[in-house]
Amino acid sequence: MKKVFLGMLLITLGFGTMSLTTSSDNVIKASVEAANVVVGPTYTAPWLGVCCESPLTAIERDIAKRGYPATTQYTINSTTSNTVTYTIN
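Residues numbered from 1 in each chain as written. Predicted model: local features only at pLDDT ≥ 70, side-chain atom pairs only at ≥ 80, totals over all residues. Heavy atoms only, no water.

**Q** Looking at this structure, I do not really get the nonpolar core. What am I missing?
**A** Generally speaking, a soluble globular protein has its nonpolar side chains buried in company with each other. Membership of the largest hydrophobic core is limited to nine residues, which are Tyr43, Ala45, Trp47, Ala58, Ile59, Ile63, Val84, Tyr86 and Ile88. Listed by contribution, the elements that provide at least two residues to this core are β1 (42-46), α2 (55-65) and β3 (83-88). Discounting residues that sit within four places of it in the chain, Tyr43 has contacts with Asp62, Arg66, Tyr68, Val84, Thr85, Tyr86 and Ile88. (Core = buried A, V, L, I, M, F, W, Y, C linked by side-chain atoms within 4.5 Å. Buried < 20%, exposed > 50% of the residue type's maximum accessible area, 1.4 Å probe, protein only. Helix = DSSP H or I, 4+ residues; strand = E, 2+ residues; numbered from the N terminus. Contact = heavy atoms within 4.5 Å.)

Structure follows, in structure tokens:
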């Protein structure tokens, strides 16, 4: 009975160790893939900062002025009272 219990414990611990190792490998792969993300240029657009104009309007106007297509994806980095800084994705 003692040998059967120890054998089952050994098998259980073996599977637990394998799953930990596999998970660690997946985390490392995901981290490496995330490091390969390409980020475009960062621009600062003038923004009036008035109640009627959205910072999105200022960015879209600046994107059109720079010759990018209207479907260009961007991320807003910061806004001040008169500028909007964004990055092209």
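There is more to say, and it comes next.
**Q** I'm lost on the side chain of Thr85 in this one. Help?
**A** By the secondary structure assignment, Thr85 is in strand β3. Within the structure, Thr85 has its side chain in polar contact with the side chain of Thr44 (distance 3.4 Å). Those residues in contact with Thr85 that lie beyond four places of it in its chain are Thr42, Tyr43, Thr44, Thr75, Ile76, Asn77 and Ser78. (Polar contact = N/O pair within 3.5 Å; in protein donor to acceptor, adjacent residues only side chain to side chain.)

**Q** Honestly, the sheet that holds β1 in this entry has me stumped. Any pointers?
**A** The strands that make up a sheet pair up through hydrogen bonds in the backbone, lying either parallel or antiparallel. Strand order in this open sheet of three strands is β1-β3-β2, and the pairing throughout is antiparallel. Whereas interior strands pair on both sides, the edge strands pair on one side only; in this sheet they are β1 and β2 (74-79). Going from strand to strand, the sheet's axes swing by 30 degrees on average, the running direction of each strand aside. Note: β1 against β3, five bridges, orientation antiparallel. Its bridge partner being in β3, Pro46 is matched across the sheet by Thr83. Docked against the sheet, α2 engages β1, β2 and β3, running at close to 120 degrees with respect to β2. (Pairing = 2+ DSSP bridges. Axes fitted to C-alpha atoms, helices over the stretch in contact; angles between N-to-C directions.)

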